[in-house]
Each structure stands twice: as structure tokens, then as C-alpha cells.
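# Examination of the molecular architecture
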Amino acid sequence: DVQFDAEGTRAFVITDDGISVIDLADAVEAGPSIVAPVDVASGPGVDPLDTEVNVTASGEFAVIRETDSADVRVIGLPPEQAGVSATITLPASPSDLDLASTGLAAYAVLKDTSQLAILDLSSGLPTASDLTLVDIDGETVGSMVLSPTGDQAVLFTNASSVERLTVVDFLDVPEVRSFSLQKSIRSLGYDPTAASLIVTHAKSFGSPQENGISFDEFIDRSFGYSIVDIETGFDKLQITGADPGAFQFSTTTPRAYVLVDGGDAPSALAQTHIIELDTGVVRLQNMSSPPETVGVLPEAGMAFVNQRHALGRVSFIDVVTDAMRTVTGFDLNSRIVD
């Protein structure tokens, strides 16, 4: 992996041997050089593929977890403290590890004990006194997503059919709220204001059109996603005719875009769902080809949807008016081989 500090002045090249810290300005001015890595392995024989390495936004520390280990290690990266480390033992092995955008805290989800571990990094290398454990009583959690503002997180599981999520507000005393959903979770993401979530759902086995099933079974067997209000926990479920895939938010207007890709058959469903986050209104925009990726160009005020097409096809959607125009054929030269 390659990670960068928040200022963009240093690159952290993560290899099997450790972390090489590269001063980007120096690399440009001085030319090629060998940068010895900072060793991050806990001991001999540790498989690098079982090691997750995260560098804080300040570039001061690397926070490391290993598969099936309850230890979280924090290792210094600047030259004056390179390799200096602290090990914090948690009540259980973390199933997910994330860093605050400020670089001042690390968060570990403890699935086996239904807890969130918060490790304060603001005072340097942490000690046991810098660890706070937040109980998520009665909930099954294994993953987390931090809010854009960093003062909140959503915890959930996609390893089993659990139709709930938990919001943790990082106050002086962390506050925990849990909400029920209508379907189990596959993935989720915050809108830029941290006021709402898009949750894509898992689908249960079986056809939703089968005779004799209950309404709950119909919901569980259908594809869909939800718009969830963080403050109240209210969720609006949107059933889709095919699997909802990538989604993206506008940063300038309360809009979200969810792609629905039914495959490559001529009659397959191909749609972009345009969501008004402030009203909950969803408009279905049919696409000429299966949609693959979606993004937003804030300065242009446009969302773009790239589609699978032999000649290349992309559609641009105005984030205010929802007007769409499509360009086809920009990839024509990719078919010329000689």
C-alpha cells in the first residue's frame, strides 16, 4: 500500500519489510535514494498478509493490527522516534480498525465482546490509560464507518442477517443509539453533511415473486437500499429491480446517486437512482448501457455515470436540475490494435 499524510508532504510505502517514509520534496530535489523501512512486524514468522497497517493523518504513527490478535500496536515513524512502539491489549481481537481524520484517535470494533475501543493518540505513544471501551450492549457489530466530521461513527455487521445499526457519538462520554432497519446490511456511507446514510442491503435467497410468502419475506428476498436519517433513525427503503451497486454523494447539493446494474443482457435493468436527501424523493433515470461507476465533479456541478459500452459511454447529470446528456464513442481508439 501507499499512504500519505494530511499535508501531502510525505508518502508511506508499506511493504513486506515495513514502512518506508519518503519526504516528497526531498525526493524530487535530491533524486533517487534508498529509504530503509521501519519494521512493523510483531515478531519473526508473521505473515504480512495478516497485518493491517494504518498511518495517522499527521504521519506521526502507524497503527497496526494482526489477524486473531487482541494487540493493537502503535509505532513511531518520524526519524527521532522511528520504531519506538507501544502495545495495547484489547479485550478481544478487533474485527475492524479505523483512524480519526485528525490523527488523534484510533477506533477498533470488537465483535466478540460487542464493544468499541477508542485509543487516544493526542499525547503521543498511548498507554493503557488512553484506552476507552464503549459497550454496545445487545448488538452485533463487526464493522464501522466514521462520519466526515469525525465526531460520530456507525457500527454494523454484514457477516450475518442483522437488520440493525448502531450510532456512536463521540462526546465527553460516548453516546450509543441503535436503530432497526427493514433489511440486513451489505455496505453503507455517510452523506457529506453527516445527516444521513445510504445503506445497500443484502438479499435473502429466493424469489420475491414466489406465491404464499409473507410481506417480510418479500422484502428480504428483494434487492434494495435505504436512506437513513441519523438524528431520528427513520429509514426509507427503496426496492430495486436489480442489485444496487456503487453510490456517490454531491458535495454542493443534497443529492445522492445509486447505480442499479442488472447485467449485460439486452433487456437487463440499467438505472441511476437520483435521490433528494432533503426530501427523500427518488427519481429513476434509465441508462442506455449498464452503469459501472459514479462520481461527482463539484466545480462543474455534474455527476457522471460511466457505463459498459464497446465504444465508451458516459452520462453527465446536472446536480441541480437532474438534466442528463450522454457521450458515446470516446473510447473508439482502444479498438485499434495496429
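That block above? That's the structure.
Quick notes on the rules
Residues numbered from 1 in each chain as written. Predicted model: local features only at pLDDT ≥ 70, side-chain atom pairs only at ≥ 80, totals over all residues. Heavy atoms only, no water. Phe/Tyr/Trp six-rings, centres within 6.5 Å; stacked < 30°, edge-to-face > 60°. Buried < 20%, exposed > 50% of the residue type's maximum accessible area, 1.4 Å probe, protein only. Lys NZ or Arg CZ within 6 Å of the ring centre and 35° of its normal. Pairing = 2+ DSSP bridges. Helix = DSSP H or I, 4+ residues; strand = E, 2+ residues; numbered from the N terminus. Axes fitted to C-alpha atoms, helices over the stretch in contact; angles between N-to-C directions. Contact = heavy atoms within 4.5 Å. Polar contact = N/O pair within 3.5 Å; in protein donor to acceptor, adjacent residues only side chain to side chain. Salt bridge = Lys/Arg side-chain N within 4 Å of Asp/Glu carboxyl O. Patch = residues over 30% accessible without salt bridge, like charges linked within 9 Å, V, L, I, M, F, W, Y side chains within 5 Å. Areas by Shrake-Rupley, 256 points an atom, 1.4 Å probe, with all protein chains shown as cover. Lys, Arg positive; Asp, Glu negative; His and termini not counted. Charge placed at Lys NZ, Arg CZ, Asp CG, Glu CD.

## Let's talk about the packing of aromatic side chains
In total, this model carries 3 aromatic pairs according to the counting rule given. Ring centres of Phe247 and Phe249 lie 6.0 Å apart, and the angle between their planes is 80°; this geometry places the pair in the edge-to-face category. Judged by relative accessible area, Phe249 falls into the buried class, the value being 7%. Positioned above the aromatic ring of Phe223 is the side chain of Lys203, whose terminal nitrogen or guanidinium carbon lies 5.6 Å from the ring centre.

## Focus on the sheet that holds strand 2 (residues 10–15)
Taken in spatial order, the 3 strands make up an open sheet running 1-2-3, and their pairing is antiparallel. On the outer flanks of this sheet lie strand 1 (2–4) and strand 3 (18–23), each paired with one strand and no other. Strand-to-strand twist across the sheet, computed as the mean angle between neighbouring axes with direction ignored, equals 25°. Two elements, strand 1 and strand 2, share 3 bridges in a ladder whose sense is antiparallel. Looking at the pairing, Phe4 lines up with Ala11 of strand 2.

## Considering the environment of Thr9
Residue placement: Thr9 occurs in the loop between strand 1 and strand 2. Counting along the chain gives 239 residues from Thr9 to Gln248, while the straight-line C-alpha distance between them is 28 Å. Setting aside residues up to four positions removed in sequence, Thr9 forms contacts with Ile22, Asp23, Leu24 and Ala25. Only 2.9 Å separates the side chain of Thr9 from the side chain of Asp5, close enough to count as a polar contact.

## Here's the deal with the sheet that holds strand 7 (residues 85–89)
Taken in spatial order, the 4 strands make up an open sheet running 4-5-6-7, and their pairing is antiparallel. In this open sheet, the two strands that pair with only one neighbour each are strand 4 (51–55) and strand 7. The mean inter-strand angle of the sheet, taken between neighbouring strand axes irrespective of direction, is 20°.

## As for the pattern of salt bridges
Applying the stated criterion to the full structure yields 15 salt bridges. As a salt-bridge pair, Arg283 and Asp322 come within 2.4 Å of each other at their nearest N and O atoms. Separated by 39 residues along the polypeptide, Arg283 in strand 23 (residues 282–286) and Asp322 in the loop between strand 26 (313–318) and strand 27 (324–328) bring together distant segments of the chain. A relative accessible area of 30% means that Arg283 is categorised as partly exposed. Of the residues examined, Asp322 reaches a relative accessible area of 11% and is grouped as buried. For Arg308, the salt bridge identified is with Glu292, shortest N-O distance 3.8 Å. Residue Arg308 is located in the loop between strand 25 (302–307) and strand 26, and its partner Glu292 is located in strand 24 (residues 291–297); the two are separated by 16 residues in the primary sequence. Since its relative accessible area comes to 25%, Arg308 is described here as partly exposed.

## Comments concerning a negative patch on the surface
On the surface, Asp16, Asp17, Asp39, Asp47, Asp50 and Asp68 cluster together into a negatively charged patch. With respect to the helices and strands, the residue Asp50 is situated in the loop between helix 1 (24–30) and strand 4.

## Considerations on the pairing of strand 3
Bridging between strand 2 and strand 3 involves 6 bridges; their strand directions are antiparallel. The residue bridging Val13 from the neighbouring strand is Ser20, located in strand 3. In sequence, strand 2 turns back onto strand 3 through a hairpin of 2 residues.

## Some details on the environment of Val13
With respect to the secondary-structure elements, Val13 resides in strand 2. When neighbours within four sequence positions are excluded, Val13 is seen to be in contact with Asp1, Val2, Gly18, Ile19, Ser20 and Ile22.

## A short note on the side chain of Thr166
With respect to the helices and strands, Thr166 occurs in strand 14 (residues 164–169). Thr166 gets classed as buried once you look at its relative accessible area, which sits at 0%. Polar side-chain contacts of Thr166 include one of 2.8 Å to the side chain of Ser178. Sequence-distant contacts of Thr166, defined by excluding residues within four places in its chain, comprise Ile136, Glu139, Val141, Ala153, Val154, Leu155, Val176, Arg177 and Ser178.

## Focus: the pairing of strand 5 (residues 61–66)
A large share of strand 5 lies buried, amounting to 6 of its 6 residues. Of the two faces of strand 5, the one carrying Phe61, Val63 and Arg65 and the one carrying Ala62, Ile64 and Glu66 are both buried. Bridge count for strand 4 against strand 5 is 5 bridges, and the pairing is antiparallel. When the bridges of strand 5 are listed, Asn54 appears paired with Val63. Sheet topology note: the strand 5/strand 6 (residues 71–76) ladder contains 5 bridges and is antiparallel. Note that in strand 6 the partner of Phe61 across the bridge is Gly76. Connecting strand 5 to the antiparallel partner strand 6 that follows it, the hairpin turn spans 4 residues, and Asp68 within it adopts a positive phi of roughly 65°.

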